[in-house]
Amino acid sequence: MTQPSPAPLLDNLGTTPAPTFWQRVWARRGRERFLAASFTFIVGYTNVITLLRWKSFATMMTGNTLLLGRAVLANDAAVPHPAYYYFLVIGSFVFGTVAYNYVETKMPHRGGTLLGLVFAALMVGGEIFCLVHPGEEKFSPYLLVFLTPMFGMLTVACPRLGAPTTMVTGHLATLGTGIAKAWFGALDPDHRNKTMMSILVVIAFMLGAGVGAWATLHKKQETEGLLLPVAPALLLLLFFTDHLHKPQALVRKVKARRHRHRQNMPPAADDVVCPMDPGIESPDMTPSLEDDTEMGLASPTSPTSGDVELARSGEAGGSKDGAAASPGDAESLEEPGSGDAAGGSRAGVSV
């Protein structure tokens, strides 16, 4: 009776599972787009708050330069602040760019994280002052000087992600170029990626501005405290940006610990075990005599399993005895005629 075939092996045993949708999205390019869109969202949100509170911009130095020109050359009374105020704002923005380039030269891919701690503390301190002294109009506008170094650093740090995140004008130009190339069928992968990045940045900037406007309307034009979440969010994004280009030691340690934990973890109770695994004893699939008797495949007079084993051992012993027999024994087993003929031939040779 033939033995039943063992269970088939698992088809996906030892193969790497296919990546999921979110794993494909969270590739390096996807991470860069996510970070750039997040930075731009915060920039749009912050510009709305600072424009309503101080009639100035935290990131767009073009607008502040226009107001500076009006204050210096035209002596326009409609300008909300004196000229030196805009000098201070623009100077602090430039200071952020210089400080970042200096630290980044000394410690590559760590300047954003290290300077982010200092600049975030300045931003939080200035916002706390606004909460403690609401409606302060004499010193409150100068608190913008505490915000602009952070955004000056972002202007030179975020192009590592593939696009600037503190302005929209360049992205609109890139978007127009991509549309023209797509119209003529000349949109290569490089321009396609730049166009996608520009679309995300423009949308994120608009969403951030909309959320900032909604927040000010919700608080009835009172903006105190609305900038508190900006500093921690920017610090976290700067940390991830630095880690994207040079993994942080803390993240590497956490990943290594998780890997060791997974290796030392015992297998689950419901894990699928392959029957053909050489390290696992497979059950005896040979049908017994009792099973054959019950199914009518063997009679009660059939030889028992002990007789079968004895016969097999005897055959094995006989084969060993035959292999160990001497040539003389082999000649003695030959037929008489063949032996006489062999003897006669030997006698003839001797004569």
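A quick note: this is a predicted structure, and the numbers were derived from the prediction, not measured.

Undergrad: Please explain the overall build of the chain as it appears in this structure.
TA: A tally of regular secondary structure across the chain gives 14 helices and zero strands. Per-residue burial over the chain gives 30% buried out of 351 residues. A sequence separation of at least 24 residues applies to 74% of the contacts in the chain between residues at least 6 apart. A total of about 22700 Å² of accessible surface is found on the chain, and carbon and sulfur atoms cover 65% of it.

Undergrad: Would you take a moment to explain helix H6 (residues 148-157) for this structure?
TA: Since the α-helix advances by 3.6 residues per turn, residues separated by three or four positions end up pointing in the same direction. Extensive coverage of H6 is indicated by the burial of nine of its 10 residues. Every buried residue of H6 is accounted for by Thr148, Pro149, Met150, Phe151, Gly152, Met153, Leu154, Thr155 and Ala157.

Undergrad: Explain the packing of aromatic side chains here, please?
TA: Two measures describe an aromatic ring pair: the distance that separates the ring centres and the angle between the ring planes. On inspection of all chains with the given rule, the structure shows four aromatic pairs. A ring pair is formed by Tyr85 and Tyr86, whose centres lie 5.3 Å apart and whose planes are at 80 degrees; its orientation type is edge-to-face. Judged by its relative accessible area of 0%, Tyr86 is buried. Linked through ring pairs, Tyr85, Tyr86 and Tyr142 together constitute an aromatic cluster.

Undergrad: Explanation requested: the pattern of salt bridges in the structure shown.
TA: When the charged atoms of two side chains with opposite charge come close together, those side chains can pair. Under the counting rule described, the total for this entry stands at four salt bridges. The residue Arg53 makes a salt bridge to Glu127 at a minimum N-O spacing of 3.0 Å. Here the residue Arg53 occupies a position in helix H2 (residues 28-54), and Glu127 occupies one in helix H5 (residues 111-132), the gap between them amounting to 74 residues. Each of the two residues, Arg53 as well as Glu127, counts as buried.

Undergrad: Teacher, can you tell me more about the side chain of Ser92 here?
TA: Note that Ser92 resides in helix H4 (residues 83-106). In terms of polar contacts, Ser92 uses its side chain to reach the backbone carbonyl oxygen of Val89, at 2.7 Å. Ignoring sequence-local partners within four residues, the contact set of Ser92 consists of Val145, Thr148 and Pro149.

Undergrad: How should I be thinking about the nonpolar core in this particular structure?
TA: By size, the foremost hydrophobic cluster in this structure holds 51 residues, and its most contacted members are Phe39, Met123, Met150, Phe151, Val230 and Leu234. Sorting the residues of this core by element identifies H2, helix H3 (61-74), H4, H5, H6, helix H8 (189-218) and helix H9 (230-245) as the ones contributing at least two each. For this core, the element with the highest residue contribution is H2, accounting for eight residues. Ignoring anything within four residues of it in the chain, the contact list for Met150 reads Gly116, Phe119, Ala120, Met123, Leu234 and Leu238.

Reading the values: rules and limits
- Residues numbered from 1 in each chain as written.
- Predicted model: local features only at pLDDT ≥ 70, side-chain atom pairs only at ≥ 80, totals over all residues.
- Heavy atoms only, no water.
- Helix = DSSP H or I, 4+ residues; strand = E, 2+ residues; numbered from the N terminus.
- Buried < 20%, exposed > 50% of the residue type's maximum accessible area, 1.4 Å probe, protein only.
- Contact = heavy atoms within 4.5 Å.
- Areas by Shrake-Rupley, 256 points an atom, 1.4 Å probe, with all protein chains shown as cover.
- Phe/Tyr/Trp six-rings, centres within 6.5 Å; stacked < 30°, edge-to-face > 60°.
- Salt bridge = Lys/Arg side-chain N within 4 Å of Asp/Glu carboxyl O.
- Polar contact = N/O pair within 3.5 Å; in protein donor to acceptor, adjacent residues only side chain to side chain.
- Core = buried A, V, L, I, M, F, W, Y, C linked by side-chain atoms within 4.5 Å.

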